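Close look at the chain arrangement
Listed below are the residues making up each chain.
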Amino acid sequence: MLERDTSGEGQRVHVAVLFSDLCDYSSYSELTDPEEVDSLKRSLEELAARVVSKHHGVITQLYGDGILAVFGLPVPAEDDARRAIEAALELHERVRQLIVDDSGFEVRMHSGVHAGLVFARAGDALHGQYEVTGDAVNTASRLASVAARDQVVVSGDAMRGAEAFFVSEPSMELQLKGKRSPVLAYLVRSRSGVQTRFEARMQAGLTPYVGRTRELDSLLRELAEARKGQGRLALLSGAPGIGKTRLLEELRTRAADSGMLVLSGSCDSYGEMPALEPFLQALRQIFGIQRSGSTAEAAAVVENRLAEYELDAHKDVILSLLALRGASSGVVSVPIALATTFRAMGPLIERLCEETAIALLLDDWQWADPLSKQVLLRITRFVAKRPVCIVVGMRESTPIDPRLHATLTLNLEPFSIEESRQVISRLRAHDLDVGLTSALHERSGGNPLYLEELVGSLSEDLRGEQSLARLHIPNTLQGLIQARTARLPADPKRLLQRASVIGLEFSEALLADASDSVPLQSALAQLLEEGLILPVAERNAFRFKHGITREIVYGSVRIAERRRIHHEVANALEQKVAARELMEQSEALAFHFQGSGDHERAATYAEQAGDKAAASSFIDAARRHYEAARLALDQLPLDAAGKRRWLRVVSKWAGQCAYAPSRPQLAVLERAEAIACEIRDDRARAHNSHMLGWLHYVFGNYTESLEHARRAFTLAEKVQDHRLLVQLWTSLGQVYSVSGQYELAREHLDRGIELKRDRAAGTGPRSSRPPTGGPAVLYAHALTCRAMVNADIGDFRLADRDLQEALSIVAGTSHAMEPSVLSHHSIVLARQGHWARCFDAAKHACRLAARLNSDFVFGISSAMASYAQWRVDASSEALTQLRNAVDWLESHQFGLYISFAYGCLAEAFEETAQLELARDYAQRALERVARGDPQGAVAAHRVLARLAARRRDPAEGERQLQAARELARTRNLRRELALTALCSAELAQPAAADSVQTLVQSFTELDMPWYAERAARLARAAQK
Ligand SMILES: Nc1ncnc2c1ncn2[C@@H]1O[C@H](COP(=O)(O)OP(=O)(O)OP(=O)(O)O)[C@@H](O)[C@H]1O
Ligand SMILES: [Mg+2]
């Protein structure tokens, strides 16, 4: 809460801002007497004040002809943005009805709504109730200025999560004055009929249901008991967004399926909820009345139904409860209403129970009105011996009437990481970024709503790490979480802010150091009570329950204050480490020195942290720390020594990028190349070029890759870097291999393997340990590359020998090389047509790659697993998955093996008669040839030949087959030759029996039994 501080310090807070202006004010003033203008202004101000405060906003400023209203001060709420939009609509509506004078001037407004961070301080006579500063205010005002007469323009940020409550035009991108990037905006026309957030989500489509089986089973047992005639009452509580409503929804379907009459009612925090609303909803359901329908018709329905039930005596009460006659609901006095309501509802329930058991599901009970609470108590007593099951959903810490005797009490816990993974994979089915799951799970703390919202705001066009780094916390969550922390009393709130600066996890000792005069124990107890933090007993510490809570609270700490706390924490940590009270703390020190603005020390500690992580093969962590070190160094002026230090850090970082290649890494390495040239550091250049060569290899740019690898080779020879030279033989060999230059590939790989075998055995020239894994791992890599050459050619025996040796080296090491070797193995098995084994190897690779965050390997292995599965079961799901994986690889510009994958996909589409797609992917494979990548070309020509045959174009078919043969022949690819011969035999009708018989033999010799069988089938058919 924004305390009305006399110090005028102010706070950082996320709010929704409404800017409304009167249209044609100047021309009106020009033509009108000033006194009348003043009178109009006053009426408008009064009207605006009423409307804004009705929607829980405050007017922070009045201009000549406009208002600035803020929603979220002094107490932020989860639906601030929705309130701001509602207020704008209502203001416009009321203003339209204003008649000012007889001049014919029509009063209209134009408004803008935006949500975002502002700096708010208590105002004064000059500035109004609050003084609010920030880009969010400017944006709202700019939106208002683009809004035409009587229009409400709402930014995407404000609209997020509130879409379903309103009717709006499709979104548009606006280039607002003074803004660099375009702003997404909506033109909101009116309210929609949607009432609750859950309803809103239902409209957008619910995420498939995950987990909660134990809870659902217990609830189902309650329903079953109720059906036997035992009244049941289950209380379901949990944090906001944890999934209460969703579970009730699941239960609703199940109850309805079992033939029960399901009645649901929910309470609302918004607007003036009529008393008894949840029960009124249930009543409307009993009679099947729509809120929007005609009153007279509804009354008739009710009357008939009551007559049918012989309950005419209660007609008046029920009709008036439903506001269908007489006094409208909610205005009757409580005792009378309670007594009469109950007198009418009791018999109605009783009558309904005679027909079927009832499930009454009441949601959002934390907002229930007092009358509803009393009615619930009465009903539970009344139904004790009747077939009624009442389930009440509410947020945790909702006070419960002690007189309510629940037969079941459930508290929903956050999702496990596995459940989070399921939700994420359902929300981002096409996404294979494997690093996201654990990061999102941590930030969301396993809260499904947080997960959904976070996933929704992940940028589609960015990859995992980058996307996470730029993850913008959606306004819906800002509001929800701020609303929770805003309720805290001052002390725990201050403590929480300090804790947020310390980190996700914070020890009591550090809190004590940094927390001035706050009474620690009681404040901590309150934070635990509120469910904002959790104890970490084994380290005598606490942690934020949700990562984003920390981020949002951190965002609310003033900048100078943040720096001060970071500085204090860093110093306290340094002292504790020096006094040996704490173990080495380089990560935390790097983080806090960075936060305090001490980039020098931040860089030092981040590099140390990187070294530590690298030594334990924590590749991701090492990469992150080195990157942090580089970014810290970027803040410092660099002399020659500084530049050498920068290069050293980048070289260490690059060493950790090998298994998680991404486009932006190229730019850093190119900059390193420029700096290394400038200070004439050939060793650094050699390493940079090597890494650039590797990245271009993974992106499938083989020409560039070769260029860099060759340059690296020359430089490494010049500086006598033997270790790098050993590595470069393999690097060159692998690029020659994928670009189809098999002789050169074999030559380089043989040499690389020989040298590495020596090094792995410790007999080669001595030098420092390679940064990623030991020499044995690199040796395994070289063997794998050679296996690929042999597999391409069709010598699977040799390929297998190398692969088995490579696998025996990496198996069980949990080194990122393990999934890499496995994924290569799966490609080899796919070439051979060993589908079951291919599937197993690819799946195994996927699992390990997911664990180790190697997303490229995960992507290619997913493709192989899906292809193998499709070969086995021909299911359309498998084919869809294959296409998703290939699209994903493509969208992330991973070009390595993509043309092989294109070939697989083209074949699959051709065989399933999806001819356009088959052609498209075959074309893509052929386009890769121009980029030095012939891997999928032969298969692509075969697919085009088959497509031609389908069109009965034998000439074109033969042309494509000829192209396939030629490609295979020039490179002496026995496997491709045999496959092309098979294709040609399948297309020839009838196939020549003896040539097909030879093919059976060729495939058998190649150790491609699945294809041998296919040829044998053809031979049998030819003989008939
Ligand atoms: N078991 C689940 N499987 C898949 N999605 C879920 C599950 N539980 C919840 N969600 C999703 O998470 C979001 C939040 O869930 P829900 O609205 O049920 O939370 P809630 O506990 O009712 O929150 P509130 O206290 O704010 O009402 C919803 O969009 C819902 O679809
Ligand atoms: Mg709910």
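Definitions and cut-offs
- Residues numbered from 1 in each chain as written.
- Chains lettered and ligands numbered in written order.
- Predicted model: local features only at pLDDT ≥ 70, side-chain atom pairs only at ≥ 80, totals over all residues.
- Heavy atoms only, no water.
- Core = buried A, V, L, I, M, F, W, Y, C linked by side-chain atoms within 4.5 Å.
- Buried < 20%, exposed > 50% of the residue type's maximum accessible area, 1.4 Å probe, protein only.
- Helix = DSSP H or I, 4+ residues; strand = E, 2+ residues; numbered from the N terminus.
- Contact = heavy atoms within 4.5 Å.
- Pairing = 2+ DSSP bridges.
- Axes fitted to C-alpha atoms, helices over the stretch in contact; angles between N-to-C directions.
- Phe/Tyr/Trp six-rings, centres within 6.5 Å; stacked < 30°, edge-to-face > 60°.

Core analysis: the largest hydrophobic core is formed by 171 residues, its most contacted members being F506 and F1003. If one sorts the elements of this core by residue count, helix α33 (residues 775-793) sits on top with eleven residues. In this structure F1003 touches A978, L979, L982, M1008, Y1011, A1012 and A1015, once residues within four positions along its chain are discounted. Counting residues in each nonpolar core, the second largest holds 46 residues, with L235, L311, L371 and V383 among its members.

As a further point, take the sheet that holds strand β16 (residues 533-536). As summarised here, the arrangement of the three strands in space is β15-β17-β16, forming an open sheet in which the pairing is antiparallel. Sheet topology places β15 (505-507) and β16 at the edges, where each strand pairs with a single neighbour. Between one strand axis and the next, the sheet turns by 30° as a mean value, whatever way the strands run. Relative to strand β17 (residues 541-544), β15 is paired through three bridges, and the arrangement is antiparallel. Paired with F506 across the two strands is F542, which belongs to β17.

A few words on the packing of aromatic side chains. Inspection of the entire model under this criterion finds 17 aromatic pairs. Both rings, one in W694 and one in Y697, keep their centres 5.4 Å apart while their planes meet at 40°; by these two values the pair is tilted. Remark: Y697 and W694 occur in helix α29 (residues 682-698); sequence separation between them is three residues, near one turn of the helix. Exposure remark for Y697: the relative accessible area of 3% places this residue in the buried category.

A cis amide bond, omega -5°, links L73 with the succeeding residue P74. Along the chain, P74 turns up in the loop between β3 (66-71) and α3 (80-96). In this structure, H56 takes a positive phi of about 65° despite not being glycine. With respect to the helices and strands, H56 occurs in the loop between α2 (34-54) and β2 (57-62). Of the residues examined, H56 reaches a relative accessible area of 48% and is grouped as partly exposed. Residue D1007 is not a glycine yet carries a positive backbone phi of 65°.

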